[in-house]
Amino acid sequence: QARHQGGGQVHAYSEALAATAQRRIELEKGLHVALQEGQLQLFVQPQVDMMGRVVSVEALVRWQHPVNGMVDPAEFIPVAEDTGLVVPMGDWVLEQTCRLLSDPRVQQGGYRVSVNVSAVQFQQAGFVRKLQELIQRTGVDASRLTLEVTESLLLQEVEQAIQKMVSLRALGVHFALDDFGTGYSSLAYLMRLPIQEIKLDQTFIHDLTPQSHGAVLVEALLMVAKGRALRVVAEGVEHKAQAQLLQAWEPGILCQGYLFSRPLPASEWLQAPDLSGPQALRTW
Ligand code: C2E
Ligand code: MG
Ligand code: MG
Ligand code: MG
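An unreviewed UniProt entry lists the protein chain under the name Diguanylate cyclase, with Comamonas aquatica DA1877 given as the organism.

Here it is, written out as C-alpha cells:
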C-alpha cells in the first residue's frame, strides 16, 4: 500500500516536471517569435518625489502574446536568461530606453530613466562597447541613464563586474542596486561598489509601520545611504502611510509603486500633457 502511494507521488512529480519543461520549451519558442515579430513592449513606472511629481521612470519589458495576452516578466525573464535570449531582448530594451531618453520632452524635463540589466547581459564581452555605441548613436545624455543591477549579478566574476561598472561610470552612466536588502552580502561590501542609487526592496516596504522590525532596518539603511550621498528609491509603495513614513525619514526619497502609478506603456507616458504631472500616472 505504502509502496503504491509512493509510486503515485513519483508519477505525479515527474508529470509536474514534464509540464514545467514543456512550458519552458513553449516560452523559449514563443520568445524567439516575440523578438522577431515585435511582440515586446516597453512600459515605464514613474518614480515620484515628496511633492508627488514624476522625476524618473523605470523601464520594464512586457510581452504582448497574440493568444495568451500579457506575459509576466517573472515568468519569461528566467527562461530568457537560461537560453541566452536575454541578450537580444536586453539589446531591444536598452535601445528603446535610449530612444525614450532622447525624446525631446524627456530631455528637456531632465527625467532619468532606469533599466534592468541581467547578469548574462552584463557579462557579455562587448557589453561596454555596445552600450557606448548605442549612447553615441542615440545622442542621449548618459548621465540620465541608470542601469539597475542586482547583488547576485555583482557576485559573479566580481573583479570583472566592477571593472565594467568603472568603464561605464566613465561614460556617465549611473548604477542602482536593485532589490536592495534581499541578498547576503555585507553592507560594508555593498557600500564599496561604484553605485549612485539603492532601491529598497518591496519586502521591506510591505510591512512598514513605525513599530515594525523592518522599520528599524529601513531607517538604518536610509542613514547609510545618506552618508554615502546615494539616491534612494522605495519599491512597491502601495499605501499612503508607507510613503508618509518614508518621506518623514528621508525627504529626498523617491517612491515607486501602485499608490502613485502602475507601470504604463512608455508611449502613453509620452502623451501626457505634463510628464511629471498627475495625468502622467496610471493609478487604477
Ligand atoms: P524589479 O526590477 O524589481 O521591478 C519592480 C517590479 O515590481 C515590477 O514588476 C513592477 O511592476 C512591480 N511593482 C511596482 N510597484 C509595485 C507595487 O506597488 N506593488 C507590487 N506588488 N508590485 C509592484 P514586473 O514589471 O513584473 O517585473 C518583475 C521583474 O522582472 C523586475 O523586478 C525585473 O527584475 C525583471 N524585469 C522587468 N523588466 C526587465 C527587463 O527589461 N530586463 C531584465 N533583465 N529584467 C526585467
Ligand atoms: Mg528594477
Ligand atoms: Mg526591484
Ligand atoms: Mg526584482
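Picking up after the structure, the text goes on.
Undergrad: How should the site of ligand 1 be read in this particular structure?
TA: Neighbouring residues of ligand 1: 22 residues in total, closest Arg-62, Asn-116, Gln-202, Glu-238 and Tyr-258. Measuring from an oxygen atom of ligand 1, one finds a side-chain N or O atom of Arg-62 at 2.8 Å. The contact in question runs from an oxygen atom of ligand 1 to an N or O atom on the side chain of Glu-235, over 3.1 Å. Look at ligand 1: alone it shows 800 Å² of surface, and the protein chains cover 83% of it. Listed by contribution, the elements that provide at least two residues to the shell around ligand 1 are strand S2 (54-65), helix H2 (73-83) and strand S6 (174-180).

Undergrad: Just checking my understanding: could you explain the coordination of the magnesium ion (ligand 2) for this structure?
TA: Note on metal geometry: ideal angles are 109.5 degrees for four donors arranged tetrahedrally and 90 or 180 degrees for six donors arranged octahedrally. For the magnesium ion (ligand 2), every protein donor is listed as Glu-58 (OE), Asn-116 (OD1), Glu-148 (OE) and Asp-178 (OD), and the spread of their distances is 2.0 to 2.3 Å. Positions of the donor residues of the magnesium ion (ligand 2) along the chain correspond to the pattern E-x57-N-x31-E-x29-D. Between the magnesium ion (ligand 2) and the magnesium ion (ligand 3), the interatomic distance is 4.1 Å, and Asp-178 donates to each metal, bridging them. Highlighted residues: Asn-116 in strand S4 (residues 112-116) and Glu-148 in strand S5 (residues 145-149), separated in sequence by 32 residues. The exposure class assigned to Asn-116 is partly exposed, which follows from its relative accessible area of 31%.

Undergrad: In this structure, what is going on with the packing of aromatic side chains? I would like to understand it.
TA: Each aromatic ring pair is summarised here by two numbers: the centre-to-centre distance and the angle between the ring planes. With the rule as written, the count across this model stands at 4 aromatic pairs. Taking 5.6 Å as the distance between ring centres and 90 degrees as the angle between the ring planes, the aromatic pair formed by Trp-63 and Phe-76 counts as edge-to-face. Of the two residues, Trp-63 sits in strand S2 while Phe-76 sits in helix H2, which places them 13 residues apart along the sequence. Taken as a pair, Trp-63 and Phe-76 share a single burial class, namely buried. Here a set of aromatic residues connected by ring pairs shows up, and it is made of Phe-122, Phe-127 and Phe-175. Above the plane of the ring of Phe-43 lies Arg-62, whose end atom (NZ or CZ) is 5.5 Å from the centre. Above the plane of the ring of Tyr-258 lies Arg-262, whose end atom (NZ or CZ) is 3.9 Å from the centre.

Calculation notes
Residues numbered from 1 in each chain as written. Chains lettered and ligands numbered in written order. Predicted model: local features only at pLDDT ≥ 70, side-chain atom pairs only at ≥ 80, totals over all residues. Heavy atoms only, no water. Near = heavy atom within 4 Å. Polar contact = N/O pair within 3.5 Å; in protein donor to acceptor, adjacent residues only side chain to side chain. Areas by Shrake-Rupley, 256 points an atom, 1.4 Å probe, with all protein chains shown as cover. Helix = DSSP H or I, 4+ residues; strand = E, 2+ residues; numbered from the N terminus. Donors = N, O, S within 2.8 Å, 3.2 Å for Na, K, Ca; no water. Buried < 20%, exposed > 50% of the residue type's maximum accessible area, 1.4 Å probe, protein only. Phe/Tyr/Trp six-rings, centres within 6.5 Å; stacked < 30°, edge-to-face > 60°. Lys NZ or Arg CZ within 6 Å of the ring centre and 35° of its normal.

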